[in-house]
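A structural walkthrough
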Amino acid sequence: MRKQDIIISNDLEASLCHAIEQCSHDKLFVLTDHTTNEKCRPLIADFDCLKGAEYISIPATDEHKTLESLSYVWSYLSQNGGSRHSLLINLGGGMVTDLGGFAASTFKRGINYINIPTTLLAMVDAAVGGKTGINFNGLKNEIGVFSPAHSVLLNTTFLKTLDTANLCSGYAEMLKHGLISTETHWAELVNFDLTNIDYAALQQLVAKSVSIKEGIVQTDPYEQGIRKALNLGHTVGHAFESLALAENRTVLHGYAVAWGLICELYLSFIKTGFPKDRLRQTIDFIKNNYGVFAFDCKVYEQLYQFMTHDKKNTSGIINFTLMGDIGDIKINQSATKEEIFEMLDFYRETTGC
Ligand code: GLY
């Protein structure tokens with residue numbers, strides 16, 4: 001997969017204009033959702049390099065990451081002079097960068113695109129690494145392609161427009177990157193104060209986090225091996241999200257990942273020797289900042305079934321990424337149903353839910 005330019009930008013206009021110059025194009029389109037159209041578009045609208053750009057806006061939130069929104073974007077491009085040499089700029093969270101990346105990668109067999117992620121989750125995860133797609137038939141990210149953005153511009157000014165819950169949500173993916181990288185990075189993450197954000201320090205952590213993801217994606221762009229490290233916390237996290245959906249409870253993705261990390265680090269403790277003190281410190285950080293996801297033992301079977309349907313599995317065997325220690329990644333791990341139920345018991349006992 002072609003390497004993306006990932007630019008940590010303090011001057012968004014200069015960085016964007018430079019990125020646009022790198023992609024020769026006949027027409028420029030900017031994709032937003034209705035929220036980023038209102039909140040973020042004004043921050044870029046006067047940039048010289050966007051003069052004459054056409055703006056496309058789709059409804060916000062993951063429930064609109066659909067074929068219908070995608071079709072709207074394709075139609076807009078097609079009916080407004082889009083060609084194989086056009087350039088699409090995606091301004092938004094992961095929903096916009098995923099759907100916009102897929103629209104660009106398929107329109108006229110593929111046009112260049114630039115991501116400007118506006119949420120922490122998109123900055124450290126969704127907008128980086130070339131996974132694009134839409135939800136389909138009720139399944140998340142069911143249709144999509146690996147196709148890298150030409151550039152990804154990271155400007156942490158956007159983070160000041162985010163509420164605490166959305167900051168914490170993105171931060172869970174950073175915590176995951178800490179666990180799969182080094183002791184030093186993990187330690188600075190679990191010691192960061194999420195209740196009183198130091199934005200300059202956060203920018204440094206974001207840069208480090210993105211470089212960890214980028215390094216893994218470069219080694220294994222199509223998730224044949226080590227990219228599975230990025231799934232840490234997600235096997236259980238996705239099951240929590242599915243349960244929340246079935247019970248009409250609202251859960252942000254990163255919160256589900258954080259709670260999933262508690263579970264999967266416990267499995268790591270019993271199966272691959274993850275140290276108890278680091279388990280404890282990580283759990284304390286998550287409990288203090290993310291609260292708990294409450295459920296009782298009556299839903300264990302349902303959670304287990306959700307895990308068996310995860311698209312990362314092969315032949316119906318639940319695939320976990322576990323840890324031997326900070327930075328010691330163990331991909332392609334399995335666990336028995338008894339171990340999984342024990343893990344859920346541990347989660348409920350340790351979080352008091
Ligand atoms: N979000 C995980 C990955 O990009 O592989």
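Going by the structure above, here's the rest.
What counts, and at which threshold
- Residues numbered from 1 in each chain as written.
- Predicted model: local features only at pLDDT ≥ 70, side-chain atom pairs only at ≥ 80, totals over all residues.
- Heavy atoms only, no water.
- Patch = residues over 30% accessible without salt bridge, like charges linked within 9 Å, V, L, I, M, F, W, Y side chains within 5 Å.
- Areas by Shrake-Rupley, 256 points an atom, 1.4 Å probe, with all protein chains shown as cover.
- Salt bridge = Lys/Arg side-chain N within 4 Å of Asp/Glu carboxyl O.
- Helix = DSSP H or I, 4+ residues; strand = E, 2+ residues; numbered from the N terminus.
- Buried < 20%, exposed > 50% of the residue type's maximum accessible area, 1.4 Å probe, protein only.
- Pairing = 2+ DSSP bridges.
- Phe/Tyr/Trp six-rings, centres within 6.5 Å; stacked < 30°, edge-to-face > 60°.
- Near = heavy atom within 4 Å.
- Polar contact = N/O pair within 3.5 Å; in protein donor to acceptor, adjacent residues only side chain to side chain.
- Nonpolar A, V, L, I, M, F, W, Y, C, P; charged D, E, K, R; others polar.
- Axes fitted to C-alpha atoms, helices over the stretch in contact; angles between N-to-C directions.
- Parallel < 35°, antiparallel > 145°, perpendicular 65-115°, else oblique.
- Contact = heavy atoms within 4.5 Å.

**Digging into a nonpolar patch on the surface**
A cluster of nonpolar residues, Leu67, Phe136 and Ile143, forms a patch on the protein surface that exposes about 230 Å² of accessible area. One can find Ile143 in strand E7 (residues 139-146). Residue Ile143 is classed as partly exposed on the basis of its relative accessible area, which comes to 33%.

**Some details on the pairing of strand E6 (residues 131-136)**
Both E6 and E7 contribute to a ladder of five bridges, which runs antiparallel. Counterpart to Phe136 in the pairing with E7 is Leu139. What sits between the antiparallel neighbours E6 and E7 is a turn of two residues, in which Asn137 has the positive phi angle 55°.

**Points about the packing of aromatic side chains**
Within this structure, the stated rule accounts for 17 aromatic pairs. With centroids separated by 5.5 Å and ring planes inclined at 45°, the aromatic side chains of Phe240 and Phe295 adopt a geometry described as tilted. You can see Phe240 sitting in helix H10 (residues 234-246) and its partner Phe295 sitting in the loop between helix H12 (276-290) and helix H13 (300-308), a full 55 residues away along the chain. Neither residue differs from the other here; Phe240 and Phe295 are each classed as buried. On the numbers, 5.6 Å between centres and 50° between planes, the contact of Phe240 with Tyr347 is tilted. Taken together, the residues Phe240 in helix H10 and Tyr347 in helix H14 (residues 337-351) connect sequence positions 107 residues apart. Of the two residues, Phe240 and Tyr347, neither departs from the other in class, the shared state being buried.

**Some points on the pairing of strand E10 (residues 328-333)**
Examined bridge by bridge, strand E9 (residues 320-325) and E10 share four bridges and lie antiparallel to one another. Each bridged residue has a counterpart across the sheet, and for Leu322 the counterpart in E10 is Lys330. Counted along the chain from E9 to the antiparallel partner E10, the turn is two residues long, and its residue Gly327 has a positive phi close to 80°.

**A few points about the site of the ligand**
Taken together, Asp125, Lys131, Lys213, Glu223, Arg227 and Leu230 are the residues near the ligand. Here an oxygen atom of the ligand sits 2.9 Å away from a polar atom, N or O, in the side chain of Lys131. Summarising the interface, the protein chains cover 87% of the accessible area of the ligand, which totals 200 Å² for the free molecule. The residue makeup of the shell around the ligand, split by class, is one nonpolar, no polar and five charged.

**Description of the packing of helix H7 (residues 164-179) against H12**
It is at 12 Å that the axes of H7 and H12 come closest, and there the two elements cross at 175°. By the angle between their directions, the pair H7 and H12 is classed as roughly antiparallel. Counted together, Cys168, Ser169, Tyr171, Ala172, Leu175 and Leu179 of H7 and Thr282, Phe285, Ile286, Asn289 and Tyr290 of H12 form the full contact between these two elements. Looking at the contact of H7 with H12, its residues break down into eight nonpolar, three polar and no charged.

Worth remembering: the numbers are spatial, not functional.
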